[in-house]
Amino acid sequence: MVKYVYAFEEGNKEMKTLLGGKGANLAEMTRIGLPVPLGFTVTTEACNKYYEDSKEMRQEIIDEIFINLQELEHKTQKYFGDIKNPLLVSVRSGAVFSMPGMMDTILNLGLNDESVEGLAKVTGNERFAYDSYRRFIQMFSDVVLDISKYKFDHILEVEKGKSNLEFDTELTLDSLINIIKQYKELVKKETRKSFPQDPKEQLLMAIEAVFDSWNNPRATIYRQLNDIPSHLGTAVNVQSMVFGNMGHTSGTGVAFTRNPATGEKKLFGEFLMNAQGEDVVAGIRTPQTIEHLKDVMPEVYEQFNNLAELLEKHYKDMQDIEFTIERGSLYLLQTRNGKRTAAAAINTAVEMVQEGIINKETAIMRIEPMQLDQLLHPTFDEKSLKQAGKITQGLPASPGAATGRIYFNAEDVVKASKENEKAILVRLETSPEDIEGMVAAQGILTARGGMTSHAAVVARGMGKCCVAGCGELRVNEKNKTFKVNDKVFKEGEYISLDGNTGNVYEGRISTSEPALSGNFAELMKWADEIRSLKVRTNADTPGDAEVAVKFGAEGIGLCRTEHMFFDEERIQVVRQMIVSKNIEERMIALNKLLPFQMQDFVGLFKAMGDRPVTIRLLDPPLHEFLPHSDDDIKILAEQINAEYQGLKEVVEELKEFNPMLGHRGCRLAITYPEIYEMQVKAIIKAAIEVKNQTNIAVKPEIMVPLVGHEKELQVIRKLIIDTATIVMEESKTEIEYLVGTMIEVPRAALTANQIAKHAEFFSFGTNDLTQMTFAFSRDDSGKFIGEYRRKEIFEKDPFERIDQAGVGKLMEIAVDLGKQTRANLKLGICGEHGGEPDSIYFCHKLGLDYVSCSPYRVPIARLAAARAAVINKDQSK
Ligand code: PEP
Ligand code: MG
């Protein structure tokens, strides 16, 4: 029989899939004897069954829940609904991968009109009991009954207003009783039913609501952003309550064992005395830093510090711990591996290796390659930062630099970013509803909330710059303005945020390039020792190539020569070449282009030294270089001294219904061999020049695009070799070069044994290969792939991550067949996938020699390649 509910004593930390992260860790902490309030976990399997059964909870699951409830009553000697000593529980979601703030939590469940009296009696504190009941009705109504929170807030504010109160804690018992009465009336009005009084009914409704929240919009978006599969489901943890709001010897807090923004090895966190659960994270009252607990309750601080150390050692990773102090006793409510910025992840991992806690392989596995992106983007330029006008300072909640126009709600930020505007989201405080705006924003600025507020936690997870708790900011979300020190900033005005210092500046600040140094460099060194896959870059200019080399690129895997054609000086000549009526005219234009191309290659070769450089011969359809509107054609006709009508006809003639499947790639060279001839001449001449000037043994790899039939390559290979030979003979200099092809047409993959006869290397052009395998236009698929993802037809856009079952299968076939013909065939990938970690893992398994990606992706690819080697080693054990 399937077991759907586990008491905390029955689980352990290895059971994450079934119990969720939170449940497994509560079980583990219970197992090793830490002070954890008793409880049980309803499994992710129960959640999946609930969805399978069209959102109905099976009787067998209900029965198990109640059996466990009974045991919990027995163990705590408290009983649901008891008027003397009632059992109260929290009901919280807990997915396999932590999704902070994305799903729902209910506290104080079990309270009703009678048990509230019991709570008052047993605690001797009526005010506390009624305050708990008030909070419970509000939370339950929001999460389970779907009644907007603000309606309750309104009642509360009116009641506070009556007595001119600032804080909730100042409410008198009478006011609380009055508020509860109004809350219940509101529930009745909104749901046409009374607020449920039976705690068992409350419990089942709450569990179902947590299951439902697995599919709420913010959880769905979070999963998509973080590649968390939707079939995992969430577990639900039911835990007996401890109270942080029982007066001045009670409190609640959150702390990390190391600083999650920098990695510094020092307890980092916040707490609030006389407060409950979400008060710290919600950012409504500003909490105190954890060191302060030393002054307030020194023994509890000492105990917490020791437990935090123990937990970090036990899990061998930085922990994020939630705790509650109830009348002087400390309880741990959660521990999990702390979410951290890339900088903190690197510093923590490298230092833990140095401290002997983990090994280098584990350190490599601790950093998600895509996280490095945060460190590979420009920071504020020192000089321009010095001149910038600082307007205020908040907490450095998530590092990075952001400049943009201010917007005051998520919707406006999303709109602005769709119009390619850089936007900064400014809020009093963020809530899970803001998630889309946070994704679209360059940075986030909040007036309230601490380092563990929603804005801070979520921004760090996203690697987005965030300045939180900026107390001087007077935000008026309605009027879309904020005021700071008497200066008013309106929607659309520019500000800049420094997430490393918490500084906020007016206007725009220019940025400077990042560098790989310190622990980052150390980690990269380890990655290089571990990986076997080489990492090259896709670069078309010496500038790009230099950046890539700085980031550790070991060669160029793709230089798209057409990008060089668009330069202002040359586009005229390129156009002249295209509209030539005969080969003589075309040769005149090509001869003008030759020196330009040669200089491009000289620059690239010098930047790359003796690293291999793959140069792809011209690929796009020629019409891409021509103007299309009548006016532009007229201008061109004047510029190149051609007759307008004739030129227009040429443009018309070159137009294609399906240019992506048209006259492009090697097909151009079948019809106009002189174009490739010119390019090959330029490559070899450039290699000779660099060799003569610098003595660098340049290694060009000449690559032919869009080959589908071996004879295409056979013809073009001959052209390349003949041309190169002539150039080398003329200059009496030998250059070592390779001739190879892209594999980007399915037919090429399927006939790779034939193609390999004429190719010394293959480079997978997975952009086109994906396009042609799916028959999805690369340029138009964006319009519908979003829907494919929402409907879960695709887990990920196949243009981002290699579709292993289809495109990957073709790659596998090509590798096998290619190697059958030529055992030493060199293999690489230069489609966008070459910088995507999962695809890199796939390439590693396939036995490719290298991946090639854009310069800023190079460190990501180096780390991903190392992780691939570690995973593969672990799996083959
Ligand atoms: C490819 O198709 O994967 C490729 C690298 O070439 P391009 O993107 O230039 O078509
Ligand atoms: Mg291509």
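Residues numbered from 1 in each chain as written. Chains lettered and ligands numbered in written order. Predicted model: local features only at pLDDT ≥ 70, side-chain atom pairs only at ≥ 80, totals over all residues. Heavy atoms only, no water.

Novice: Got a minute to help me understand the coordination of the magnesium ion (ligand 2) in this structure?
Specialist: Each donor-metal-donor angle in an ideal tetrahedron of four donors is 109.5 degrees, and each such angle in an ideal octahedron of six donors is either 90 or 180 degrees. Binding of the magnesium ion (ligand 2) to the protein goes through E744 (OE) and D768 (OD), at separations of 2.0 to 2.1 Å. One end of the pair, E744, is in the loop between β28 (738-743) and α29 (746-750); the other, D768, is in helix α31 (residues 766-774), with 24 residues separating them in the sequence. Classification of E744 by relative accessible area gives buried; the value is 2%. Residue D768 is classed as buried on the basis of its relative accessible area, which comes to 2%. (Donors = N, O, S within 2.8 Å, 3.2 Å for Na, K, Ca; no water. Helix = DSSP H or I, 4+ residues; strand = E, 2+ residues; numbered from the N terminus. Buried < 20%, exposed > 50% of the residue type's maximum accessible area, 1.4 Å probe, protein only.)

Novice: Explanation requested: helix α6 (residues 149-162) in the structure shown.
Specialist: The α-helix advances 3.6 residues per turn, and as a result positions three or four apart in sequence lie on the same side. Here α6 spans 20 Å end to end across 14 residues, near enough to the 20 Å set by a 1.5 Å rise per residue. Against the buried residues of α6 lie α5 (126-143) and α7 (173-191). Following α6 by one or two positions, N164 has its phi on the positive side, about 60°. (Expected span 1.5 Å × (residues − 1). Contact = heavy atoms within 4.5 Å.)

Novice: Could you clarify how one ought to interpret the environment of A401 in this entry?
Specialist: If you trace the backbone, A401 turns up in strand β14 (residues 401-407). Between the C-alpha atoms of A401 and G499, which are 98 residues apart in sequence, the distance is 6.0 Å.

Novice: Explain the pattern of salt bridges to me, please; I cannot follow it from the model alone.
Specialist: Here the idea is simple: oppositely charged side chains can pair when their charged atoms come close. By the definition in use, this model includes 55 salt bridges. A salt bridge links E368 to R867; the shortest N-O distance between them is 3.5 Å. Here E368, found in the loop between α14 (360-366) and β11 (379-380), pairs with R867, found in helix α35 (residues 858-875); they are 499 residues apart in sequence, far enough to count as distant. The class of E368 is partly exposed, set by a relative accessible area of 47%. With relative accessibility at 11%, the residue R867 sits in the buried group. Close ionic contact of E760 with R717 constitutes a salt bridge, the shortest N to O distance being 3.1 Å. Placement of E760 in the loop between α30 (752-755) and β29 (761-764) and of R717 in helix α28 (residues 710-731) is noted, with a sequence separation of 43 residues between them. Since its relative accessible area comes to 22%, E760 is described here as partly exposed. The class of R717 is buried, set by a relative accessible area of 17%. (Salt bridge = Lys/Arg side-chain N within 4 Å of Asp/Glu carboxyl O.)

Novice: Which parts of the structure should I look at to understand the pairing of strand β5 (residues 234-240)?
Specialist: On a regular strand, each side chain points to the face opposite its neighbour's, so the side chains alternate between the two faces of the sheet. Across the 7 residues of β5, 7 count as buried, placing the element largely inside the fold. Of the two faces of β5, the one holding T234, V236, V238 and S240 and the one holding A235, N237 and Q239 are both buried throughout. Pairing of strand β2 (residues 39-42) with β5, which is carried by 4 bridges, proceeds in the antiparallel orientation. Bridging from a neighbouring strand, V42 pairs with V236 of β5. The pairing of strand β3 (residues 89-95) with β5 spans 7 bridges and is antiparallel. Residue pairing across strands places V89 opposite S240, the latter belonging to β5. (Pairing = 2+ DSSP bridges.)

Novice: Looking at this model, I keep getting lost on the site of ligand 1. Mind explaining?
Specialist: In the neighbourhood of ligand 1, 14 residues make up the surrounding shell, with R560, R616, G765, N767 and R778 lying closest. Take T766: an N or O atom from its main chain is 3.1 Å from an oxygen atom of ligand 1. Note that an oxygen atom of ligand 1 is positioned 2.8 Å from one of the side-chain N or O atoms of R778. Within the complex, 95% of the 290 Å² of free accessible area of ligand 1 lies under protein. Secondary structure elements with two or more residues in the shell around ligand 1: β25 (556-560) and α31. With 3 residues, α31 is the largest single contributor of residues to the shell around ligand 1. A breakdown of the residues in the shell around ligand 1 according to their chemical character gives 3 nonpolar, 4 polar and 7 charged. (Near = heavy atom within 4 Å. Polar contact = N/O pair within 3.5 Å; in protein donor to acceptor, adjacent residues only side chain to side chain. Areas by Shrake-Rupley, 256 points an atom, 1.4 Å probe, with all protein chains shown as cover. Nonpolar A, V, L, I, M, F, W, Y, C, P; charged D, E, K, R; others polar.)

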